[in-house]
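# Report on the structure
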Amino acid sequence: MSVLENLARIKAQLPKHVKLVAISKRQSVDKIQEAYSLGQRDFGENMVQELDIKQKELPGDIRWHMVGHLQRNKVKYLAEYIHLIHGVDSQRLLKEINKQGKKVNRVIPCLLQVHIAAESTKFGFAPEELMDHLGNGDFLEFEHVNIQGLMGMATNTENESQVAGEFKSLHRLFEKVKNQIDQANVHMEILSMGMSSDFEIAIENGSNLVRVGSSIFGDRKI
Ligand SMILES: *Cc1c(COP(=O)(O)O)cnc(C)c1O
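What you are looking at is a predicted structure, and each value in this text was computed from that prediction instead of being measured. (Residues numbered from 1 in each chain as written. Predicted model: local features only at pLDDT ≥ 70, side-chain atom pairs only at ≥ 80, totals over all residues. Heavy atoms only, no water.)

## Here's the deal with the overall build of the protein
As a reminder, the rule being used: Helix and strand assignments come from DSSP, with helices taken as H or I runs of at least 4 residues and strands as E runs of at least 2, each series counted from the N terminus. Radius of gyration means the value over C-alpha atoms here, while the globule rule gives 2.2 Å times the residue count to the 0.38 power. Note on exposure labels: buried denotes an accessible area under 20% of the residue type's maximum, exposed denotes more than 50%, and partly exposed covers the range between, all computed with a 1.4 Å probe on protein chains only. Note on definitions: a residue-residue contact is assigned when non-hydrogen atoms from the two residues lie within 4.5 Å.
Within the protein, the regular secondary structure consists of nine helices and eight strands. Computed over its C-alpha atoms, the radius of gyration of the protein comes to 17 Å, within 12% of the 17 Å expected for a compact globule of 222 residues. A principal-axis box enclosing the C-alpha atoms of the protein has dimensions of 50 × 45 × 30 Å. Out of the 222 residues belonging to the protein, those deemed buried represent 51%. Long-range pairs, those at least 24 residues apart, make up 60% of the contacts in the protein between residues at least 6 apart in sequence.

## A closer look at helix α5 (residues 91-103)
Put simply, the test is: Take the residue count of a helix, subtract one, and multiply by 1.5 Å to get its expected span.
For α5, with 13 residues, the first-to-last C-alpha span of 19 Å sits near the 18 Å given by 1.5 Å per residue. Residues of α5 that are buried: Leu-93, Leu-94, Glu-96, Ile-97, Asn-98, Gln-100 and Gly-101. The positive-phi residue at the C-terminal boundary of α5 is Asn-105, with phi of around 60 degrees.

## Focus on the site of the ligand
Counted only if it meets this: Nearness is judged by heavy atoms alone; a residue qualifies as near a molecule or strand once a single heavy atom is within 4 Å of it. Polar contact criterion, stated in full: a pair of N or O atoms within 3.5 Å, where within protein one must be able to donate a hydrogen and the other to accept it, and residues adjacent in sequence count only if both atoms are side-chain atoms. Residue burial considers only the protein chains on display, and all accessible areas are found by Shrake-Rupley using a 1.4 Å probe.
Surveying the vicinity of the ligand reveals the residues Ile-23, Lys-25, Val-67, Met-151, Met-153, Met-195, Ser-196, Arg-211, Val-212, Gly-213, Ser-214 and Arg-220. A distance of 2.9 Å separates a nitrogen atom of the ligand from a polar side-chain atom of Arg-211. Within the backbone of Ser-214, a nitrogen or oxygen atom sits 2.8 Å from an oxygen atom of the ligand. Isolated, the ligand exposes 390 Å² of accessible area, and the fraction of that covered by the protein chains is 91%.

Pasting the structure below:
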């Protein structure tokens, strides 16, 4: 199947309120161009260096999303142009994003990543930890970040009810933060959950942004 067919099929499956970020990591610039020519503007990468190269080569109206684990010493390379950082998983990282945002005179949109999977390898705040930080006002001083929502990854399993349960729990946390936290730099609007294998389940359970890679572009280069 071509990028054209895949993109059309997936878009047709998405309700109007759900945004599609095409995850283009380890995919060629040509394939990204193809999706771009079909109107896709939101693309996601997980390596700063690769993102940097592609961002310079591709059209300036692409909205670039950073979806992988972001190291603090790399934030400076994307501070100027990044549209949304999905994987903010520590106060130290948020502090560094704030610092770099200040340097380039931007308020950088961020999502806080929450650990919802059973696997211990996935990054993110524990739900209680996140509520503690927000409740304590730990992020209040960061005026150059805008916390626009939450992001999570479900366990990589065939067990759909487990996946659904994990997405549901993140949706509940999202609503809780939205209802309980009133801070100048917190605006809960985006719930980023769902990838190729589980985006339908994610949407059923409250996602309004899906990150789909291989179902659009095919297998990645290693
Ligand atoms: C790679 C990646 C995706 C997309 O995965 P696919 O299975 O190719 O759809 C989504 N989110 C994150 C954080 C990723 O690293």
